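Fold and contact review
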Amino acid sequence: MTVAFTFPGQGSQAVGMGKDLADNFAEARAVFEEVDDALGEKLSDVIFNGPEDNLTLTANAQPALMAVSMAVIRVLQARGLDLKSKVAYVAGHSLGEYSALCAAGTFSLADTARLLRIRGNAMQAAVPVGVGAMAAIIGLEHADVIAVCEEASALGACQIANDNGGGQIVISGEKAPVEKAAELATGKGAKRAILLPVSAPFHSALMAPAADAMREALAGVAKTKPVVPVIANVKAAPVTDADEIARLLVEQVTGQVRWRETVEWFAANNVTTLYEIGAGKVLTGLARRIDKSVNGIAVNNAADIDTALAALFA
């Protein structure tokens, strides 16, 4: 059994996530305290108690989701898990790539929290509200979505943001071309084309100012080689060089999250089990739809910890 750990992205957040871990494990409590200290505020109070509107803010959701993922990792490690000996690869969806890199030791927990706060603020500030848009295209082939984005680009920026697999592709860019692409997709046979309630056009060329902010931020933090390779979002291939990792994280801000290809890469390289570390079960569901030979297991509460450890040490 070859194992990879995956880490969720924005959208998996929910008020109360991680509280069960903090209530049951001192190691989890320590993670939330360290993140609070790094940010100079009680983000843990927002995570555990809300309000939801506050948790959903990009600048909060990103470090919050990472904190929950790292709480799981620290509890597993305290109970004997050695990432290097038990896990072959790590990967994360968008912000989850930072969680994966923190788990693999490339960045410290405090630096990861600060990087994600900078990233969230920079992504939100890059485009005025109402200028950009995102839409989910359901049930259309990748090549057809590229074609509708290219046609709609006559009106402005429009591109694939997330290739999530299972027939779900998210597009991003300026409002008019994204709306046009959604209309064209329906005409090409998409089952649905849904405009998403997001605050900014993530993973599009419009995020260039945020990419510049991340280039500067990443240049200023300590980086070490991850203890296991990370499958980078924009390459859907393993990376271990710390400087290349930083470069790809900058590219990721305006580039495509190639999640379908990431799971396909896992399947092609003998990974049989993907543990989703942190909040929710989004990636577990996507893995099932992308390749049924890959087993997905979500680990996000105290009961899941025991089940995961039993399987990892079987």
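Residue positions are given per chain, counting from 1 as you read along its sequence in written order. Restriction of local features to residues with pLDDT of at least 70 applies here, the model being predicted, together with a cutoff of 80 or more for giving and counting side-chain atom pairs; totals for whole chains, interfaces and linings are based on all residues. The side-chain quantities take in all heavy atoms of the structure and omit both hydrogens and water.

Helix numbering and strand numbering both begin at the N terminus, where a helix is a DSSP run of H or I of at least 4 residues and a strand a DSSP run of E of at least 2. The helix and strand inventory of the protein stands at 15 helices and 10 strands. The reference for a compact globule is 2.2 Å times residues^0.38; the radius of gyration itself is calculated from the C-alpha atoms. For a compact globule of 314 residues, the expected C-alpha radius of gyration is about 20 Å, and the protein comes in at 19 Å, within 12% of that figure. Along the first, second and third principal axes, the C-alpha set of the protein runs to 55 × 45 × 35 Å. Buried means the residue's accessible area, taken with a 1.4 Å probe over protein chains only, is under 20% of the maximum for its type, while exposed means over 50%, and partly exposed covers the values in between. By residue count, 56% of the 314 residues in the protein fall in the buried class.

Expected helix span is taken as 1.5 Å per residue step, with the number of steps being one fewer than the number of residues. Compared with the 30 Å implied by 1.5 Å per residue over 21 residues, the 30 Å span of helix 5 (residues 58-78) between its first and last C-alpha is a close match. Among the 21 residues in helix 5, 18 count as buried, and that is most of the element. In the stretch just after helix 5, Gly-80 is the one whose phi turns positive, near 105°.

With that out of the way, let us pick up the UniProt feature "domain: Malonyl-CoA:ACP transacylase (MAT)" (unreviewed entry) in the protein. The sites that carry the UniProt feature "domain: Malonyl-CoA:ACP transacylase (MAT)" (unreviewed entry) are, in the present numbering, residues 6-314. The span residues 6-314 shows a helical share of 52% and a strand share of 16%, and its end C-alpha atoms are spaced 20 Å apart. UniProt positions are given in the numbering used here, feature names are shortened, and annotations may be inferred rather than shown by experiment.

Further remarks concern the environment of Thr-56. One can find Thr-56 in helix 4 (residues 52-56). Put simply, Thr-56 and Ala-213 are 157 residues apart on the chain and 21 Å apart in space, counted from C-alpha to C-alpha. The contact criterion used throughout is that any non-hydrogen atoms of two residues lie within 4.5 Å. With near-sequence residues (within four places) excluded, Thr-56 lies in contact with Gln-10, Gln-13 and Ala-61. Among the polar contacts made by the side chain of Thr-56, one reaches the main-chain carbonyl oxygen of Glu-52 at a distance of 2.8 Å. Two N or O atoms form a polar contact when they lie within 3.5 Å of each other; inside protein one atom must be a possible hydrogen donor and the other a possible acceptor, and for residues adjacent in sequence the pair counts only when both atoms belong to side chains.

Axes here mean lines fitted to C-alpha atoms, for a helix over just the part in contact, with angles spanning 0 to 180 degrees between N-to-C directions. Where helix 7 (residues 96-103) meets helix 12 (residues 242-254), the closest approach of the two axes is 11 Å, and the angle between their N-to-C directions is 165°. Between helix 7 and helix 12, the crossing angle belongs to the class labelled roughly antiparallel. By crossing handedness, the relation of helix 7 to helix 12 is classed as left-handed. Side by side, helix 7 and helix 12 meet where Glu-97, Tyr-98 and Leu-101 of the first sit next to Ile-245, Leu-249 and Gln-252 of the second. Amino acids outside the nonpolar list (Ala, Val, Leu, Ile, Met, Phe, Trp, Tyr, Cys, Pro) and the charged list (Asp, Glu, Lys, Arg) are all regarded as polar, and Gly is one of them. Here the residues of the contact of helix 7 with helix 12 sort into four nonpolar, one polar and one charged. In these notes the angle categories are as follows: under 35 degrees is roughly parallel, over 145 is roughly antiparallel, 65 to 115 is roughly perpendicular, and the rest is oblique. Helix crossings are classified by the rotation of the near helix relative to the far one: an anticlockwise turn of less than a right angle makes the crossing left-handed, while a clockwise turn makes it right-handed.

Now for the nonpolar core. With 83 residues, the main nonpolar core has Phe-5, Ile-47 and Val-90 as its most contacted residues. By residue number, the principal contributor to this core is helix 5, which donates 11 residues. Residues in contact with Val-90, not counting those within four places in the same chain, are Phe-5, Phe-7, Leu-83, Ala-100, Ala-104, Val-228, Pro-229, Val-230 and Ile-231. We call a set of buried Ala, Val, Leu, Ile, Met, Phe, Trp, Tyr and Cys residues a nonpolar core when their side-chain atoms join them within 4.5 Å. Core analysis: the next-biggest nonpolar cluster, separate from the first, contains 17 residues, Val-145, Val-148, Cys-158 and Ala-185 among them.

With that out of the way, let us pick up helix 13 (residues 259-268). Owing to its 3.6 residues per turn, the α-helix brings residues three or four apart onto one side. Among the residues of helix 13, Trp-259, Thr-262, Val-263, Trp-265 and Phe-266 are the ones counted as buried. End-on, the buried residues of helix 13 take up no more than an arc of 155°, which puts them together on one face. One or two steps after helix 13, the chain reaches Asn-270, where phi turns positive at roughly 65°. By arc we mean the arc of the directions from the helix axis to the C-beta atoms, nothing more.

Disulfides are defined in this document as cysteine sulfur pairs within 2.5 Å. With the rule as written, the count across this model stands at zero disulfides. Just so you know, Cys-149 is unpaired, no disulfide at all, and the nearest cysteine sulfur is the one on Cys-158, 3.8 Å from it.

The next point concerns the environment of Ala-103. Among the secondary structure elements, Ala-103 is positioned in helix 7. Counting along the chain gives 20 residues from Ala-103 to Leu-83, while the straight-line C-alpha distance between them is 8.3 Å. Once residues within four sequence positions are removed from consideration, Ala-103 is found in contact with Phe-7, Met-70, Ile-73 and Leu-83.

Here the focus is the pattern of salt bridges. Where charged atoms of side chains with opposite charge meet at close range, the side chains can pair. The term salt bridge refers to a side-chain nitrogen of Lys or Arg lying within 4 Å of a carboxyl oxygen of Asp or Glu. Evaluation of the coordinates by the stated rule reveals 13 salt bridges. We note a salt bridge from Arg-260 to Asp-163, for which the minimum N-O separation is 2.8 Å. Of this pair, Arg-260 sits in helix 13 while Asp-163 sits in strand 4 (residues 158-165), placing them 97 residues apart in sequence. The class for Arg-260 is partly exposed, based on a relative accessible area of 22%. Residue classification places Asp-163 among the buried residues on the basis of a relative accessible area of 1%. Note that Lys-235 is salt-bridged to Glu-244, the shortest N-O span being 3.2 Å.

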